[in-house]
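# Coordinates in review
Residue strings, one per chain:
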Amino acid sequence: MKTFLLALATITTGLIAGVYYAFSVSVNPAFAGLPDGAYIEAMNKINVAIVNPAFSLSFFGAPLLLPVVTWMYARPAFSRKAGYLLAASLIFWIGSLGVTVAGNIPLNDKLAAFVVNGATAEQAATARKAFAGAWNNWHALRTWASIIALVLTVMACLTKDAPAQAAKR
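Residues numbered from 1 in each chain as written. Predicted model: local features only at pLDDT ≥ 70, side-chain atom pairs only at ≥ 80, totals over all residues. Heavy atoms only, no water.

### As for the overall build of the protein chain
- Across its full length, the protein chain carries six helices and zero strands.
- Secondary structure of the protein chain in N-to-C order comes out as α-α-α-α-α-α.
- Against the compact-globule benchmark of 15 Å for 169 residues, the protein chain has a radius of gyration of 19 Å, which places it well outside the compact range.
- Over its C-alpha atoms, taken along the principal directions, the protein chain stretches across nearly 70 × 25 × 25 Å.
- Per-residue burial for the protein chain yields a buried fraction of 38% across its 169 residues.
- Approximately 9,400 Å² of the protein chain is accessible, and the part contributed by carbon and sulfur atoms is 71%. (Helix = DSSP H or I, 4+ residues; strand = E, 2+ residues; numbered from the N terminus. Rg over C-alpha atoms; globule rule 2.2 N^0.38 Å. Buried < 20%, exposed > 50% of the residue type's maximum accessible area, 1.4 Å probe, protein only. Areas by Shrake-Rupley, 256 points an atom, 1.4 Å probe, with all protein chains shown as cover.)

Okay, structure coming up:
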């Protein structure tokens with residue numbers, strides 16, 4: 001069960017890191033060239049579409065599973081594997097989940113409140129400027145945090161468990 005949960009924690013962390021990475025290297029560059037109104041509409045559509053069961057399983061799975069497997073591998077004695085998992089848990093909770101909840105989601109909500117239809121070009125430009133720079137900075141932070149958490153989780157997977165007798169010494 002412990003190994004299975006570690007695999008699930010690794011997979012869900014990898015999926016989130018992959019979503020953020022893919023967004024950074026494909027969607028953000030593509031959207032950079034869009035006119036302001038089209039950019040706002042496209043971001044709003046993505047922010048609605050991403051709230052789905054498949055994304056939610058990964059988005060909430062990783063922060064739930066990482067601490068669970070950390071606790072499981074820290075017993076009966078704290079190990080290097082548990083250390084990697086603890087670091088991954090903290091980095092993911094603060095740098096990925098925390099940044100998303102405190103940084104990206106409030107910006108998404110503010111952008112969603114902007115009505116493109118009927119807005120002037122200047123209003124759309126102002127709304128985009130208020131959103132894009134800050135959102136991309138927060139997104140870069142959560143992307144790197146998720147990637148680092150994934151690397152640490154993979155390192156935990158590759159670290160051999162200490163033999164039962166060695167753990168008791």
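### Let's talk about unusual backbone geometry
- Here the bond from Arg75 into Pro76 is cis, since omega is 5°, no more than 30 degrees from zero.
- Relative to the elements of secondary structure, Pro76 occurs in the loop between α3 (53-73) and α4 (80-112).

### Describing the pattern of salt bridges
- Taken as a whole and judged by the stated rule, the model has one salt bridge.
- Where Arg128 meets Asp36, a salt bridge forms, and the shortest distance between an N and an O atom there is 3.1 Å. With Arg128 in helix α5 (residues 121-158) and Asp36 in helix α2 (residues 36-49), this pair connects stretches of sequence that are 92 residues apart.
- Overall, Arg128 belongs to the buried group, its relative accessible area being 12%.
- Judged by relative accessible area, which is 26%, Asp36 ranks as partly exposed. (Salt bridge = Lys/Arg side-chain N within 4 Å of Asp/Glu carboxyl O.)

### Some words on α3
- With 21 residues, α3 extends 29 Å from end C-alpha to end C-alpha; this agrees with the ideal 30 Å at 1.5 Å per step.
- Along its length, α3 reaches its greatest deviation from straightness, about 35°, at Gly61, and the proline Pro63 lies no more than four positions downstream.
- What α3 keeps buried is the set Phe55, Ser58, Phe59, Gly61, Ala62, Pro63, Leu65, Leu66, Val69, Thr70, Met72 and Tyr73.
- In the core, the buried residues of α3 are packed alongside α1 (2-32), α4 and α5.
- The residue sitting at the N-terminus of α3 and contributing the capping side-chain oxygen is Asn52; that oxygen lies 3.0 Å from the backbone nitrogen of Ala54. (Expected span 1.5 Å × (residues − 1). Bend = angle between axes of the 7 residues up to and from the residue. Contact = heavy atoms within 4.5 Å. Polar contact = N/O pair within 3.5 Å; in protein donor to acceptor, adjacent residues only side chain to side chain.)

### Focus: the layout of surface pockets
- Computed from the structure, the largest pocket encloses a volume of approximately 480 Å³.
- Each residue belonging to the lining of the largest pocket can be placed in one class, and the counts come to 15 nonpolar, seven polar and two charged. (1 Å grid on protein atoms, 1.4 Å probe; cavity = no way out; pocket = protein on both sides within 12 Å on 5 of 7 lines; lining within 4 Å. Points joined across faces, edges and corners; volume = space filled by probe spheres on them. Nonpolar A, V, L, I, M, F, W, Y, C, P; charged D, E, K, R; others polar.)

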